[in-house]
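One letter stands for each residue in the lines below.
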Amino acid sequence: MSRRNRWLTILSLLAIAVLLMTACVPAGKKATNKLEMFSWWTAGGEADGLNAMYDIYKKAYPSVEIVNATVAGGAGTNAKAVLSTRITGGDPPDSFQLHAGLEVEKYDPAKYLQPLDSIYTAEGWDKVFPKDLISLLKYQDHFWGVPVNIHRANVMWYSKDVFDKNGLTPPTTWDEFFKVADALKAKGIVPLVIGTKEGWEAGHTFETILISVLGADGYKGLWTGKTQWTDPKVTQALETFKKVMTYVNTDYSALTWSDAAQYLVDGKGAMHIMGDWTDGWFTSKNFKGYGWAPVPGTKGIFDALSDSFAAAKGAKNQANLESWLKVAGSKAGQEAFNPKKGSICARTDCDPKLFNTYLQSAMQDWAKDAIVPSVVHGAAAVEKWATVYKDILTTFITKGDVKAAQDALQQACKDNGVCK
Ligand code: GAL
């Protein structure tokens with residue numbers, strides 16, 4: 001073969017190799033030096049907390065560009081739908097927000113998510129996350145998310161100013177609640193503020209009422225079949241909720257949870273039942289005039305949920321994804337994130353001195369209270385049951401039909417194979 005022909009052969013072989021390599025990289029999977037992280041944290045303390053964790057990541061990995069993919073809407077109302085479409089459509093973000101617990105079932109983890117068992121072992125996470133949380137995180141015997149926090153859902157926030165001016169103390173039972181609420185109503189103050197615009201907030205309030213009426217074990221039993229939804233205590237909880245709704249702001253269906261919390265900031269409302277992301281939100285607004293108490297009848301019970309970050313199978317930026325998960329599970333990452341987010345660390349070794357008085361009280365309660373799983377925030381039931389539950393409660397607050405709501409709740413339990 002002549003010298004020229006030899007060169008031509010080598011060049012053609014090289015061209016064929018390049019063509020073959022290009023064909024082997026699936027479309028949309030071009031390696032980049034990015035990290036796409038998906039959540040519904042767009043504002044207030046939630047965005048501040050996430051940014052604080054990003055700052056830690058950026059310091060350690062300055063060449064990685066973080067793509068902060070967010071879809072606004074409390075409790076992930078809108079984000080979860082977008083996420084599902086992206087996952088099943090083969091275009092998942094590298095990492096995304098996922099509640100610890102049965103919510104993971106929604107994303108068909110064996111098919112679409114990466115099990116994270118080996119990173120748990122390598123980072124020693126099985127030792128720094130509490131046992132209760134570890135068991136909540138395991139689904140089909142694998143870990144699918146790295147928990148960044150613990151939130152409490154059953155908090156009643158109140159305006160200290162309104163309570164002080166009217167010589168009132170925060171109610172600890174529903175009977176006390178109605179007395180306090182009557183006194184406030186008589187003064188022209190909205191006793192309880194609520195916003196139900198996004199369709200999950202009525203369900204959130206009601207799960208805390210269920211806990212107060214049924215107690216920790218009775219409430220937990222609703223999700224395992226030990227307690228039937230036909231129980232007279234469920235009727236009582238619905239009656240209580242119906243009465244509670246006669247003390248709320250009239251514009252509730254047009255407001256989000258944070259719009260409702262604004263009533264407290266403005267001194268126009270007295271109480272608000274919401275998770276402790278409200279603490280982060282108040283902090284971001286520089287509002288200091290709030291107090292807190294367990295939702296009436298729930299002292300000693302901690303209605304818990306945890307945000308974790310999951311890893312998509314076929315993630316475009318695998319190395320960056322792994323380093324991100326390590327930051328999310330680290331002490332430094334969690335100490336930066338949680339004081340701003342209004343949650344406590346999932347880890348047990350964070351420094352309490354970095355947290356405000358409310359969060360320090362939450363840490364103490366988390367260590368001693370009975371822990372129950374939140375349904376609205378992904379812990380207690382699979383997503384399709386939680387969704388039906390939320391819709392029933394949203395209908396209930398407009399119709400007020402106790403029997404129809406209770407029948408529908410029992411039917412939902414049956415449809416999910418838990419009640420007979
Ligand atoms: C929860 C989530 C919290 C907070 C809240 C309000 O589901 O776990 O971190 O975002 O919704 O949107």
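Quick caveat, the model's predicted, so the values are computed rather than measured. (Residues numbered from 1 in each chain as written. Predicted model: local features only at pLDDT ≥ 70, side-chain atom pairs only at ≥ 80, totals over all residues. Heavy atoms only, no water.)

**Some details on the environment of Pro92**
So, point 1. Position of Pro92 among the secondary structure elements: in the loop between helix H3 (79-88) and strand E3 (95-99).
So, point 2. Taking C-alpha positions, Pro92 is 9.9 Å from Met37, a pair spaced 55 residues apart along the chain. (Helix = DSSP H or I, 4+ residues; strand = E, 2+ residues; numbered from the N terminus.)

**Regarding the state of the cysteines**
So, point 1. Counted according to the given criterion, the structure contains 2 disulfides.
So, point 2. One disulfide in the model links Cys345 with Cys350; its S-S distance is 2.2 Å. Measuring handedness by torsion sign, the sulfur bridge of Cys345 and Cys350 sits at about -95° and is left-handed.
So, point 3. Residue class for Cys345 comes out buried when judged on its relative accessible area of 5%.
So, point 4. Note on cysteine connectivity: Cys413 is disulfide-linked to Cys419, with sulfurs 2.0 Å apart. The sign of the 80° torsion about the S-S bond sets the Cys413-Cys419 disulfide as right-handed. Taken individually, Cys413 and Cys419 each receive the classification buried, so the pair is uniform in this respect.
So, point 5. For the protein chain, numbering the cysteines in disulfides from first to last along the sequence yields the connectivity 1-2, 3-4. (Disulfide = S-S within 2.5 Å. Buried < 20%, exposed > 50% of the residue type's maximum accessible area, 1.4 Å probe, protein only.)

**A look at the site of the ligand**
So, point 1. Lining the immediate surroundings of the ligand are 13 residues, of which Ala75, His99, Asp307, Lys341 and His377 lie closest.
So, point 2. Here His99 contributes a side-chain N or O atom positioned 2.7 Å from an oxygen atom of the ligand.
So, point 3. Side-chain polar atom of His377 to an oxygen atom of the ligand: 2.7 Å apart, as the coordinates give it.
So, point 4. Protein contacts shield 100% of the accessible area of the ligand, which totals 300 Å² for the unbound molecule.
So, point 5. Residues that form the shell around the ligand fall into these classes: 6 nonpolar, 4 polar and 3 charged.
So, point 6. Here the shell around the ligand spans two domains, since at least three of its residues come from each of domain 1 (34-150 + 306-364) and domain 2 (152-304 + 375-415). (Near = heavy atom within 4 Å. Polar contact = N/O pair within 3.5 Å; in protein donor to acceptor, adjacent residues only side chain to side chain. Areas by Shrake-Rupley, 256 points an atom, 1.4 Å probe, with all protein chains shown as cover. Nonpolar A, V, L, I, M, F, W, Y, C, P; charged D, E, K, R; others polar. Domains from an automatic or database assignment.)

**What to know about the domain arrangement of the protein chain**
So, point 1. Segmentation of the protein chain into domains returns domain 1 (34-150 + 306-364) and domain 2 (152-304 + 375-415).
So, point 2. Relative placement of domain 1 and domain 2: their C-alpha centres are 26 Å apart.
So, point 3. Taken together, the 27 residues of domain 1 in the interface contact 23 residues of domain 2.
So, point 4. Taking both partners together, domain 1 and domain 2 bury about 2,000 Å²; carbon and sulfur atoms supply 56% of that area.
So, point 5. If you sort the residues of domain 1 by the area they bury against domain 2, Ala75, Leu102 and Tyr358 come out on top, with a joint share of 27%.
So, point 6. Where domain 1 packs against domain 2, one counts 1 salt bridge.
So, point 7. Among the ionic pairs, Glu383 bridges to Lys80, the shortest N-O distance being 3.2 Å.
So, point 8. Counting across the domain 1 and domain 2 interface gives 9 residue pairs in polar contact (both at pLDDT 80 or more).
So, point 9. Per-element tally for the side of domain 1 that touches domain 2: the top contributor is helix H16 (residues 357-368), with 5 residues. (Contact = heavy atoms within 4.5 Å. Buried area = accessible area lost by both parts, 1.4 Å probe. Salt bridge = Lys/Arg side-chain N within 4 Å of Asp/Glu carboxyl O.)

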